[in-house]
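These are the residues of each chain, in order.
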Amino acid sequence: TGGGCPHILSEPQRTNLVEYSEDFSNAAWTKSNSTIDSNATVSPDGTENASKLTVMVAAYSGIYETGDAAVNKYSMSVFAKKGDKDWLYFVDSNGTTLVAWFNISDGTLGTITNGTATIEDFGNGWYRCTYSDTNNVSNNYFQLGLSDANNSNTPSSGGYSYIYGAQAEVGSYPTSLIPTNGEAGGVTRN
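Residues numbered from 1 in each chain as written. Predicted model: local features only at pLDDT ≥ 70, side-chain atom pairs only at ≥ 80, totals over all residues. Heavy atoms only, no water.

**Student:** Give a description of the overall build of the chain that names residues and reports values.
**Tutor:** Secondary structure summary: the chain contains zero helices and 14 strands in total. For the chain, the α and β elements follow one another from N to C terminus as β-β-β-β-β-β-β-β-β-β-β-β-β-β. A fraction of 68% describes how many contacts in the chain between residues 6 or more apart in sequence connect residues 24 or more apart. Roughly 8,500 Å² of accessible area belongs to the chain as shown, and the carbon and sulfur atoms make up 47% of that amount. (Helix = DSSP H or I, 4+ residues; strand = E, 2+ residues; numbered from the N terminus. Contact = heavy atoms within 4.5 Å. Areas by Shrake-Rupley, 256 points an atom, 1.4 Å probe, with all protein chains shown as cover.)

**Student:** Tell me about the pattern of salt bridges, and name the residues and values.
**Tutor:** According to the stated counting rule, one finds three salt bridges in the structure shown. Linking Glu 169 and Arg 14 is a salt bridge whose minimum nitrogen-to-oxygen distance equals 2.8 Å. Taken together, the residues span a long stretch of sequence, with Glu 169 in strand 13 (residues 159-170) and Arg 14 in the segment before strand 1 (15-16) at a distance of 155 residues. Grouping residues by exposure puts Glu 169 and Arg 14 together as buried. (Salt bridge = Lys/Arg side-chain N within 4 Å of Asp/Glu carboxyl O. Buried < 20%, exposed > 50% of the residue type's maximum accessible area, 1.4 Å probe, protein only.)

**Student:** Please set out the sheet that holds strand 5 (residues 62-66) residue by residue, giving values where relevant.
**Tutor:** Note: strands within a sheet are paired through backbone hydrogen bonds, in either parallel or antiparallel orientation. Strand order across the open sheet formed by six strands is 2-5-12-7-8-9, with antiparallel pairing between neighbours. In the strand order of this sheet, the two ends are held by strand 2 (29-32) and strand 9 (108-112), each with one partner. Each strand of the sheet is rotated relative to its neighbour by a mean of 20°, with strand direction disregarded. In this sheet, strand 12 (residues 141-147) lies alongside strand 5 in antiparallel orientation, the contact comprising five bridges. In the strand pairing of strand 12, Ile 63 is matched with Leu 144. (Pairing = 2+ DSSP bridges. Axes fitted to C-alpha atoms, helices over the stretch in contact; angles between N-to-C directions.)

**Student:** An account of the nonpolar core is requested, with residue identities and associated values reported.
**Tutor:** Within the largest apolar cluster, 30 residues are counted, with the highest numbers of intra-cluster contacts made by Val 78, Leu 88, Phe 90, Phe 102 and Phe 142. Sorting the residues of this core by element identifies strand 4 (50-55), strand 6 (74-82), strand 7 (87-91), strand 8 (98-103), strand 10 (115-123), strand 11 (126-133), strand 12 and strand 13 as the ones contributing at least two each. A per-element tally of this core places strand 6 first, with four residues. (Core = buried A, V, L, I, M, F, W, Y, C linked by side-chain atoms within 4.5 Å.)

**Student:** I'd like a rundown of the side chain of Ser 61, residues and numbers included.
**Tutor:** Mapped onto the secondary structure, Ser 61 falls in the loop between strand 4 and strand 5. Among the polar contacts listed, one links the side chain of Ser 61 to the backbone oxygen of Met 56, at a separation of 2.4 Å. Sequence-distant contacts of Ser 61, that is, excluding residues within four places in its chain, are made with Ser 32, Asn 33, Val 55, Met 56, Tyr 89, Gly 145, Leu 146, Asn 153 and Pro 155. (Polar contact = N/O pair within 3.5 Å; in protein donor to acceptor, adjacent residues only side chain to side chain.)

**Student:** Residues and numbers for unusual backbone geometry, please.
**Tutor:** Although it is not a glycine, Asn 39 sits at a positive phi angle of roughly 50°. Summarising the element assignment, Asn 39 is placed in strand 3 (residues 34-41). Look at Asn 114: it is not a glycine, yet its phi comes out positive at around 55°. Among the secondary structure elements, Asn 114 is positioned in the loop between strand 9 and strand 10. Classification of Asn 114 by relative accessible area gives partly exposed; the value is 40%.

**Student:** Run through the packing of aromatic side chains, naming residues and quoting values.
**Tutor:** In total, this model carries ten aromatic pairs according to the counting rule given. Ring geometry for Tyr 74 against Tyr 131: centres 6.4 Å apart, planes inclined by 55°, an arrangement best described as tilted. Residue Tyr 74 is found in strand 6, and its partner Tyr 131 is found in strand 11; the two are separated by 57 residues along the sequence. Cation over ring: Arg 14 sits above Tyr 173, and NZ or CZ is 4.6 Å from the ring centre. The ring of Tyr 160 has Lys 52 sitting right over it, with the charged end atom 4.4 Å from the ring centre. (Phe/Tyr/Trp six-rings, centres within 6.5 Å; stacked < 30°, edge-to-face > 60°. Lys NZ or Arg CZ within 6 Å of the ring centre and 35° of its normal.)

On their own, these measurements won't tell you what the molecule is for.
Here you go:
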């Protein structure tokens, strides 16, 4: 009987800079041509705590939370599940450039600019969408929206999808979700 140690996967110490990672209805999240319904469906953690993001027809229909950190390398991520909108996109953290599109209907990546992105199947229709900056953009916002097409931020009609577990962290790749509950400056994994 070999008494070897089990392999333990560890992640680096990271801080989720998003203050309300699971509560998109909080006033910290600005809703632009969109609304949030809390506890609308079961999230990847098995609890009915995911939000329904409903967007309207506009040049930008989404949500953002203003951050309090200025860093040069960052990664952001969110879990998303298709409602009647096929595409989720991220805007860079200074709120000016569309950077990544994710097809949350079939789990494929769309256009990626100035960084790297992944989409990972978490089962039950959920995908984790991640984007890591390679252009040293200061981290001021966590911003996302819904659309009907790759490389577009304009929905052709109103509609919705589900979101859960936003994370923004200093680092060139994303780590697993660190839930926050309004803690200023975010929560750190030890």
